Structures are given as C-alpha cells and as structure tokens.
Amino acid sequence: MGTLERRAPEGSLLPALIEPETFGEPLMDALARRRGEIETLVGTVGGVLLRGFDVPDAAAFRAFAAGFGHPLLSYEFGSTPRSEVGAGVYTSTEYPAHQSIPLHNEQAYTREWPMKIWFHCVTASPEGGETPIADSRAVLRRMPPAIRARFEPGILYVRNYGDFDVPWQKVFNTTAPADVERYCSANEIRWEWQPDGSLRTTQRCQAVETHPRAGEAVWFNQAHLFHASNLPPEVRESLEDLLGVENLPRNTFFADGSPIPDGLLDEVRAVLDAETVSFRWEAGDVLMLDNMLAAHARSPFRGPRKVIVAMAEPHGNLGRF
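A.B. asks: Tell me about the packing of helix α1 (residues 27-44) against helix α2 (residues 58-66), and name the residues and values.
C.D. replies: Put simply, α1 and α2 touch, their axes get as near as 10 Å, and they point 25 degrees apart. Our classification of the angle between α1 and α2 gives roughly parallel. Classified by chirality, the crossing of α2 by α1 is right-handed. Contacts between α1 and α2 involve L27, M28, L31 and I38 from the first element and A60, A63 and F64 from the second. Of the residues in the contact of α1 with α2, the class split is 7 nonpolar, no polar and no charged.

A.B. asks: Could you give an account of the pattern of salt bridges, with specific residues and numbers?
C.D. replies: Under the criterion given, the structure shown has 21 salt bridges. A salt bridge links R33 to E21; its shortest N-O distance comes to 3.4 Å. With R33 in helix α1 and E21 in the loop between β1 (16-18) and α1, the pair connects residues that are 12 residues apart, well separated along the chain. Classification of R33 as partly exposed rests on a relative accessible area of 43%. Among the ionic pairs, D179 bridges to R182, the shortest N-O distance being 2.4 Å. Taken together, the positions of D179 and R182, both in helix α6 (residues 177-186) and 3 residues apart, correspond to about one turn of that helix.

A.B. asks: If you had to explain α2 to someone new, which residues and values would you point to?
C.D. replies: Among all positions of α2, only A60, F61, F64 and A65 are buried. In an axial view of α2, the angular spread of the buried residues amounts to 135 degrees, which keeps them on one side of the axis. Structurally, α2 contributes buried residues whose contacts are with α1, β2 (47-50), β4 (89-91), β6 (112-123), β15 (286-290) and β18 (306-316). N-cap assignment for α2: the residue whose side-chain oxygen lies 3.2 Å from the backbone N of A59 is D57.

A.B. asks: Go over the nonpolar core with me, naming the residues and quoting the values.
C.D. replies: Counting 44 residues, the largest nonpolar core has L50, F64 and W118 as the members making the most contacts within it. Breaking this core down by element, the ones donating at least two residues are β1, α1, β2, α2, β6, β15 and β18. Excluding its chain neighbours within four sequence positions, the residues that come into contact with L50 are I18, L27, I38, F64, G284, D285 and V286. Y157, F226, F254 and V271 belong to the second-largest nonpolar core, a separate cluster that totals 26 residues.

A.B. asks: I'd love a proper account of the environment of Q107, names of residues and values included.
C.D. replies: Structurally, Q107 can be placed in the loop between β5 (101-104) and β6. The exposure class assigned to Q107 is buried, which follows from its relative accessible area of 7%. Sequence separation between Q107 and F220 is 113 residues; the distance between their C-alpha atoms is 9.4 Å.

A.B. asks: Could you give an account of the sheet that holds strand β16 (residues 294-298), with specific residues and numbers?
C.D. replies: Spatially, β5-β16-β8 is the arrangement adopted by the 3 strands of the open sheet, whose pairing is antiparallel. Two strands lie at the open edges of the sheet, namely β5 and β8 (133-135), each paired on one side alone. Strand-to-strand, the axes of this sheet are offset by a mean angle of 15 degrees, without reference to chain direction.

A.B. asks: Describe in detail the side chain of D135, supporting the description with residues and values.
C.D. replies: As for its placement among the helices and strands, D135 is situated in strand β8. Its relative accessible area of 15% is what places D135 among the buried residues. With near-sequence residues (within four places) excluded, D135 lies in contact with L14, V45 and L293.

A.B. asks: Let's hear about unusual backbone geometry: which residues, and what values?
C.D. replies: The peptide bond linking L14 to P15 adopts the cis configuration, its omega dihedral lying at -25 degrees. With a phi angle near 60 degrees, E188 is a residue other than glycine that sits in the positive phi range. In this fold, E188 is placed in the loop between α6 and β10 (190-193).

A.B. asks: Which residues make up the pairing of β18, and what values do they have?
C.D. replies: Relative to β18, β4 runs antiparallel, the two sharing 3 bridges. Bridged to V89 within β18 is A310. As paired strands, β6 and β18 are joined by 10 bridges and run antiparallel to one another. Residue pairing for β18: K116 is matched across the bridge by A312.

About the criteria used
Residues numbered from 1 in each chain as written. Predicted model: local features only at pLDDT ≥ 70, side-chain atom pairs only at ≥ 80, totals over all residues. Heavy atoms only, no water. Axes fitted to C-alpha atoms, helices over the stretch in contact; angles between N-to-C directions. Helix = DSSP H or I, 4+ residues; strand = E, 2+ residues; numbered from the N terminus. Parallel < 35°, antiparallel > 145°, perpendicular 65-115°, else oblique. Left-handed = near helix turned anticlockwise from the far one by under 90°. Contact = heavy atoms within 4.5 Å. Nonpolar A, V, L, I, M, F, W, Y, C, P; charged D, E, K, R; others polar. Salt bridge = Lys/Arg side-chain N within 4 Å of Asp/Glu carboxyl O. Buried < 20%, exposed > 50% of the residue type's maximum accessible area, 1.4 Å probe, protein only. Arc of directions from axis to C-beta. Polar contact = N/O pair within 3.5 Å; in protein donor to acceptor, adjacent residues only side chain to side chain. Core = buried A, V, L, I, M, F, W, Y, C linked by side-chain atoms within 4.5 Å. Pairing = 2+ DSSP bridges.

Next up, the structure:
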C-alpha cells in the first residue's frame with residue numbers, strides 16, 4: 001500500500017489505502033482479487049480508500065458495493081435531503097456548499113442502521129469538499145468519563161416535521177398517516193399528530209454501542225447534530241421565537257427528557273475535532289467504511305462537487321430499552 005496525504009491525530013490508521021497494480025484497473029477486478037483484504041481492513045482499521053481504479057459510472061460503483069454480498073439499502077427515516085441516483089445509490093446530503101456537516105455515523109439517530117457505507121467521488125471540488133472521517137472507538141476513549149456516564153442511558157431525539165425540515169411524507173416515503181404509524185410502532189418511535197396535521201416523533205436511541213463482530217464499544221449517536229446548538233445562533237433564536245422550543249424541527253435530550261447543556265455538546269464536538277482525519281478527494285476515489293467503527297462528515301466547498309453514496313447490511317438494537 002502507498003501513503004496518503006492526510007491530516008490525522010497521532011496513531012490513526014484511517015483510512016487504509018489500496019491502489020491498483022496498474023493505474024486504471026477496473027474497480028470490479030479489485031473486488032474479485034482483493035475482497036478478503038478489503039473486508040479485513042474495513043473490519044479492523046474501520047475504512048479503506050480505493051484510489052486509482054477505473055470507475056466509469058454510478059452503475060460500476062453500485063456493482064462494487066453490492067458485490068460484498070448484501071442488498072443495498074434504501075434511505076428510510078432520513079434526516080437530510082438526498083436524491084436517488086440509481087437503485088440503492090444516492091447523492092450525498094444536499095446541503096448548501098458553504099455549510100459543513102459534522103462528524104456522525106450514518107443513521108445513528110435510529111435503532112437500525114447500515115453496517116457498511118460507500119462513497120464515490122465522481123467530481124472532486126477544486127476547493128474544500130472533503131469527507132472527513134474519525135475512528136468511533138478513539139472518540140469514545142477520548143470522551144470525558146462524566147459525559148460518557150451521562151450519555152450511557154441513551155439519547156432522546158425529538159423531531160417536528162414541517163416547513164422548516166424534511167417533510168414527513170419524504171422521511172417516511174408515504175403520504176398515508178397509517179403507514180407512518182405502522183413504521184413508528186415497528187421501530188419503537190412515539191408519534192403525535194398535531195392539530196394542524198404536522199407530525200412529532202420521539203425516540204430513545206443509543207449513545208454508545210457495541211460492534212457486533214469486533215466486540216468493541218463505539219461512540220454512536222448524533223446528539224450534537226440534532227441538538228438546537230447545532231443551528232447558527234441567529235437561526236436558533238428566530239426559530240425558538242417563531243415556533244417555541246418544543247416545536248423546533250429537531251432537538252436532543254438526555255434519556256430522562258432533561259435538556260442537554262450547550263457547553264456539554266461543545267466538549268463532545270471538541271473530541272470529534274481532535275479525532276478527525278481529513279484528505280483531499282480525487283475523482284474516481286471510492287471510500288468504504290464500517291459505519292460503526294468510523295464516522296464521516298463533509299467540509300464546505302466551492303465549485304462543482306459530486307459524491308454518491310451506497311449503504312448495506314442493516315443492524316440494530318430494537319427491544320433494548
């Protein structure tokens with residue numbers, strides 16, 4: 001393996017770099033020859049960057065991701081806007097280019113999530129646009145013990161769907177309230193229909209989780225991302241004035257329903273920053289992560305950027321709480 005120019009904390013191995021024997025080798029040839037090596041590295045280091053392989057189109061990327069033996073997942077109970085590129089392949093989160101997306105494990109705000117996630121850089125931004133990553137085991141080790149203890153019982157996620165966030169019809173992929181209620185009942189989510197027809201859901205989820213194969217504990221939640229403190233201060237103030245604190249589009253609380261102080265989440269964000277690994281995308285790159293062992297983010301960018309995503313292998317903990 002070659003070396004990758006990156007910014008990383010001392011001791012970090014993320015991501016393992018795999019390059020072709022001859023530049024431009026088809027990505028599917030790499031899967032045929034090196035699947036065992038890729039799976040071992042993803043399961044230990046947490047992620048692999050395949051660079052220098054030929055990935056002619058989204059279909060080739062999809063075939064590679066599907067080639068690991070699990071059907072690709074649809075984006076259910078989503079929290080961000082995305083567009084489907086092809087069966088099981090989506091655009092990365094469609095937030096404005098000037099915004100950053102904090103480190104998170106995909107769908108860690110739910111009780112069922114994908115174990116594997118793939119990113120393919122179709123177009124690398126000329127400025128910014130990295131997909132920073134972090135070792136979720138290292139994040140947990142670095143987290144102050146008092147925060148670990150306070151988060152251990154889990155996190156309460158409250159979502160109000162409507163004009164200021166992704167509408168419930170898009171989140172649940174239906175226009176029928178009965179479908180929403182069936183999904184919520186099956187996934188241990190409390191729901192409330194408001195007098196104006198809008199929807200509020202509340203779900204208690206894990207803050208720390210154990211990897212089913214590695215047996216290692218990982219920091220696995222999106223408390224800092226859903227919390228009101230993640231909003232720009234002026235936006236938060238406006239929304240609280242307009243809607244009331246209880247009606248913010250999304251917020252997080254301790255498992256007992258008490259508020260999480262902003263300062264505590266600032267400490268969480270500082271730990272995530274300290275464990276961040278960042279590298280420049282190159283067109284054609286494919287990044288494969290174990291979604292529990294490695295978190296991911298998005299840096300602001302200028303100019304064109306296109307990164308597409310696939311997910312597979314559902315795992316969860318329904319019935320725990």
